[in-house]
Amino acid sequence: DTGVSQDPRHKITKRGQNVTFRCDPISEHNRLYWYRQTLGQGPEFLTYFQNEAQLEKSRLLSDRFSAERPKGSFSTLEIQRTEQGDSAMYLCASSLEQGMGETQYFGPGTRLLVL
Amino acid sequence: GDSVTQMEGPVTLSEEAFLTINCTYTATGYPSLFWYVQYPGEGLQLLLKATKADDKGSNKGFEATYRKETTSFHLEKGSVQVSDSAVYFCALSPGGQNFVFGPGTRLSVLP
């Protein structure tokens, strides 16, 4: 059973550059979530998709952040004009819609460092 | 809004000691409750969950009981091992939506 995968695992960029991260969910999962985790904190929800529809995006940190899931399979998270404060671990999770008790399965994360 | 509070770490125990990590929550309605674990260098893994009041989740010797009256979901293990050293996150989900995580509690188990 292939789990959630994320690419790249690490990204170092200079302030002002754009970065894009990819997430491949578990194949039969129709929901996909993006979180940000800073050092010493729990994951913070950013956005989620059900199939290809983005159902919640008000938690995206600014208009520099955007996410897509064009065919309801993999997803990308883009950060434009990166800032040093964007340095964090970006986590992707997927789940199969089932209401209460629905379990999210997390990928290993992409660690971003903005210099 | 919904929130999760966990006891602050780090928690340091000797092998075979009893573990309790406190977790309390604030939520509207009846959320599902979860414990996730993050081992060094790895992603978050589901440890256990409970979906309604008085449910007990258990896995790998860990247990937690959903207590609606005290809005708590404390994690316990009778005898910890060095391999249990990790960061433990309590989380809630209102159902099919994003999770709300606590800040995590780092556990170190010494041989």
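Residues numbered from 1 in each chain as written. Chains lettered and ligands numbered in written order. Predicted model: local features only at pLDDT ≥ 70, side-chain atom pairs only at ≥ 80, totals over all residues. Heavy atoms only, no water.

Enquirer: Outline the overall build of chain B, supporting the account with residue identities and numerical values.
Expert: Check the secondary structure of chain B and you find zero helices and 12 strands. Its helices and strands in sequence order give chain B the pattern β-β-β-β-β-β-β-β-β-β-β-β, from N to C terminus. Whereas a compact globule of 111 residues would reach a radius of gyration of roughly 13 Å, chain B reaches 13 Å, a difference of no more than 12%. When the backbone C-alpha atoms are referred to their principal axes, chain B occupies close to 45 × 25 × 20 Å. Of all 111 residues assigned to chain B, the portion counted as buried reaches 48%. Nonlocal contacts in chain B, meaning residues at least 24 apart in sequence, comprise 54% of its contacts between residues at least 6 apart. Distance between charge centroids for chain B: 5 Å, based on 8 positive and 11 negative side chains. (Helix = DSSP H or I, 4+ residues; strand = E, 2+ residues; numbered from the N terminus. Rg over C-alpha atoms; globule rule 2.2 N^0.38 Å. Buried < 20%, exposed > 50% of the residue type's maximum accessible area, 1.4 Å probe, protein only. Contact = heavy atoms within 4.5 Å. Lys, Arg positive; Asp, Glu negative; His and termini not counted. Charge placed at Lys NZ, Arg CZ, Asp CG, Glu CD.)

Enquirer: Please give an account of the environment of Val 82 of chain B that cites residues and values.
Expert: All names here are of chain B. Note that Val 82 resides in the loop between β9 (75–77) and β10 (86–93). Classification of Val 82 as partly exposed rests on a relative accessible area of 35%. For Val 82, the residues in contact, after removing those within four places along its chain, are Glu 15, Val 109, Leu 110 and Pro 111.

Enquirer: Tell me about the interface of chain A and chain B, and name the residues and values.
Expert: The interface is formed by 22 residues belonging to chain A together with 22 residues belonging to chain B. Where chain A meets chain B, there are zero salt bridges. Those elements giving two or more residues to the side of chain A that touches chain B turn out to be β4 (31–37) and β5 (44–50) of chain A. Grouping the constituent residues of the side of chain A that touches chain B by class yields nine nonpolar, nine polar and four charged. (Salt bridge = Lys/Arg side-chain N within 4 Å of Asp/Glu carboxyl O. Nonpolar A, V, L, I, M, F, W, Y, C, P; charged D, E, K, R; others polar.)

Enquirer: Before we move on, could you go through the sheet that holds strand β8 (residues 62–65) of chain B and cite the residues and values that matter?
Expert: All names here are of chain B. In spatial order, the strands read β3-β9-β8-β7; together these four strands make up an open sheet with antiparallel pairing. The outermost strands of the open sheet, each flanked by one partner alone, are β3 (19–21) and β7 (56–59). Averaged over all adjacent pairs, the angle separating strand axes in this sheet is 15 degrees, with direction ignored. Pairing geometry for β3 and β9, over three bridges, is antiparallel. By the bridge assignment for β9, Thr 20 is matched with Glu 76. (Pairing = 2+ DSSP bridges. Axes fitted to C-alpha atoms, helices over the stretch in contact; angles between N-to-C directions.)

Enquirer: Before we move on, can you summarise the nonpolar core with the specific residues and values?
Expert: Ranked by size, the top nonpolar core spans 27 residues in total, and within it Trp 35, Leu 47, Leu 48, Phe 73, Leu 75 and Tyr 88 of chain B carry the most contacts. In terms of nonpolar packing, the next biggest core, distinct from the first, is built from 19 residues, Cys 23, Leu 46, Tyr 90 and Leu 112 of chain A among them. (Core = buried A, V, L, I, M, F, W, Y, C linked by side-chain atoms within 4.5 Å.)

Enquirer: Lay out the side chain of Thr 13 of chain A with the relevant residues and their values.
Expert: Residues and elements named next belong to chain A. Within the secondary structure, Thr 13 is located in strand β2 (residues 10–13). Here Thr 13 falls in the buried class, since its relative accessible area comes to 8%. Excluding anything up to four places from it in sequence, Thr 13 contacts Val 19, Thr 82, Leu 112, Leu 113, Val 114 and Leu 115.

Enquirer: Now, about the packing of aromatic side chains: what can you tell me, with residues and values included?
Expert: If you walk through the whole model with that rule in mind, you get 18 aromatic pairs over all chains. Centre to centre, the rings of Phe 99 of chain B and Phe 101 of chain B are 5.9 Å apart; their planes meet at 40 degrees, and the pair counts as tilted. Of the two residues, Phe 99 of chain B and Phe 101 of chain B, neither departs from the other in class, the shared state being buried. In textbook terms, an aromatic cluster arises when at least three aromatic residues are bridged by ring pairs, as seen for Tyr 33, Tyr 35, Phe 45, Tyr 48 and Phe 106 of chain A together with Phe 34, Tyr 36, Phe 89, Phe 99 and Phe 101 of chain B. In this structure, Arg 22 of chain A packs its charged tip against the face of Phe 74 of chain A, placed 3.9 Å from the ring centre. (Phe/Tyr/Trp six-rings, centres within 6.5 Å; stacked < 30°, edge-to-face > 60°. Lys NZ or Arg CZ within 6 Å of the ring centre and 35° of its normal.)

Enquirer: Which residues make up the environment of Cys 92 of chain A, and what are the values?
Expert: Residues and elements named next belong to chain A. Within the secondary structure layout, Cys 92 lies in strand β9 (residues 88–95). For Cys 92, a relative accessible area of 0% gives the class buried. Beyond its immediate sequence surroundings of up to four residues, Cys 92 is in contact with Val 4, Gln 6, Cys 23, Leu 32, Tyr 33, Trp 34, Tyr 105, Phe 106 and Gly 107.

Enquirer: For the side chain of Gln 104 of chain A, give the residues involved together with the corresponding values.
Expert: Positionally, Gln 104 of chain A belongs in the loop between β9 and β10 (105–106). Side chain to side chain, Gln 104 of chain A and Tyr 35 of chain A meet in a polar contact 2.8 Å long. (Polar contact = N/O pair within 3.5 Å; in protein donor to acceptor, adjacent residues only side chain to side chain.)

All quantities given are derived from atomic positions and should not be read as evidence of function.
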